[in-house]
Amino acid sequence: MFDRRLFLLSLPALLAACSTGSIPVDANGNPLQRVYRIRASETGDIQFRMLDGVNALRGARGLIPVNLNAELNAAAATHSRDMALQNRPWHFGSDGSSPIDRVSRVGYAGLLLGETISETYETELETLAAWMEQLTTREVILDPRARDLGFSWFQEDSGKIWWTMVLGTQDEVGNTPTPA
C-alpha cells in the first residue's frame, strides 16, 4: 500500500519530467517556423559552417575543397544587401551590375564560375540543402574548377535572409571558359 501511494504521489512529477513543453503550431497543427536570427558575432561561424558543408559535398564527389576568399565574401555581402533593397532575388544589382561586375569591383583576380542566391527564413545549411536540390545551383557548387568561395547574407528586421554564394577560380586566369 505504501509503494502504491508513493507511486501515485510521484506520478505528476514523472509526467512533468516527460513533457516537451508547448510547441507553437499553425492552424493546421504544423509547427511554426522559428525565426533564425543572426548576430554579427556569428559571421565567421556561419561562413565556416557553409564552407565545411560545401567541402563535405565536394569531397563526397572526389572534388578538391574550396577556400573562403575575402574578396568574394565582399561581393556576396554587397549583393545580399542589394537584393534586400530591391526586394527580389535575382543576379542583377540595382545599378545593373552582373556577378562578373561585382567580383571585378572587389578586386578578385580570378574567374567567376557562378553565383547562387536565395531569399528565405532558413539557416545557411538548410539553404545549402535547397541549393543542392536544384540542378543549376548544384552545378555551381560542385564545379570541379572551383577553388574560392565567397558567402554572405543580409538579414531584414523581419528575419528574412538574403543569401549569396559566389564561386571562382584563380587557376584558369587568362583562359576564357564561359562563366556559369
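What comes next concerns the included structure. (Residues numbered from 1 in each chain as written. Predicted model: local features only at pLDDT ≥ 70, side-chain atom pairs only at ≥ 80, totals over all residues. Heavy atoms only, no water.)

Observations concerning the overall build of the chain
- From N to C terminus, the chain includes six helices and four strands.
- Secondary structure elements of the chain occur, N-terminal to C-terminal, as α-α-β-α-α-β-α-α-β-β.
- A separation threshold of at least 6 residues defines the contact pool for the chain, and within that pool the share at least 24 residues apart is 68%.
- Accessible surface computed for the chain: about 10,600 Å², of which carbon and sulfur atoms make up 56%. (Helix = DSSP H or I, 4+ residues; strand = E, 2+ residues; numbered from the N terminus. Contact = heavy atoms within 4.5 Å. Areas by Shrake-Rupley, 256 points an atom, 1.4 Å probe, with all protein chains shown as cover.)

Concerning the side chain of Asn69
- Assignment of secondary structure puts Asn69 in the loop between β1 (67-68) and α3 (70-86).
- Looking at Asn69, the relative accessible area reads 11%, which means it is buried.
- If sequence neighbours within four positions are ignored, Asn69 has contacts with Tyr108, Asp148, Leu149, Gly150 and Gln170. (Buried < 20%, exposed > 50% of the residue type's maximum accessible area, 1.4 Å probe, protein only.)

A closer look at the packing of aromatic side chains
- Overall, the coordinates contain three aromatic pairs when judged by the stated rule.
- Relative to Trp153, the ring of Phe151 has its centre 5.8 Å away and its plane inclined at 50°; by these criteria the two rings are tilted.
- You can call Phe151 buried: its relative accessible area is 0%.
- Members of the aromatic cluster, joined through ring pairs, are Phe151, Trp153 and Trp163. (Phe/Tyr/Trp six-rings, centres within 6.5 Å; stacked < 30°, edge-to-face > 60°.)

What about the pairing of strand β4 (residues 161-169)?
- Counted residue by residue, β4 has nine buried out of nine residues, so it is predominantly covered.
- Along β4, one buried face is formed by Ile161, Trp163, Met165, Leu167 and Thr169 and the opposite face, lined by Trp162, Thr164, Val166 and Gly168, is buried too.
- Looking at chain direction, strand β2 (residues 111-120) and β4 are connected through nine bridges and run antiparallel. Note on β4: the bridge partner recorded for Ile117 is Thr164.
- Looking at chain direction, strand β3 (residues 148-155) and β4 are connected through eight bridges and run antiparallel. Directly across from Phe151, in β4, lies its bridge partner Met165.
- The hairpin turn running from β3 into β4, its antiparallel successor, is five residues long, and Gly159 in that turn takes a positive phi close to 105°. (Pairing = 2+ DSSP bridges.)

A few points about the pattern of salt bridges
- Applying the stated criterion across every chain, the model contains five salt bridges.
- The closest approach of N and O atoms between Glu124 and Arg49, which form a salt bridge, is 2.7 Å. Within this pair, whereas Glu124 is found in helix α5 (residues 124-133), its partner Arg49 is found in helix α2 (residues 43-60), the two being separated by 75 residues in sequence.
- Look at Arg49 and you get partly exposed, because its relative accessible area is 35%.
- Between Arg145 and Asp143 there is a salt bridge, with its nearest N and O atoms 2.8 Å apart.
- For Asp143, a relative accessible area of 9% puts it in the buried group. (Salt bridge = Lys/Arg side-chain N within 4 Å of Asp/Glu carboxyl O.)

Concerning the environment of Gln86
- When you line up the elements, Gln86 lands in helix α3.
- Non-local contacts of Gln86, meaning those with residues more than four positions away in its chain, are made with Phe92, Gly93 and Ser94.
- Within the structure, Gln86 has its side chain in polar contact with the side chain of Asp82 (distance 2.9 Å). (Polar contact = N/O pair within 3.5 Å; in protein donor to acceptor, adjacent residues only side chain to side chain.)

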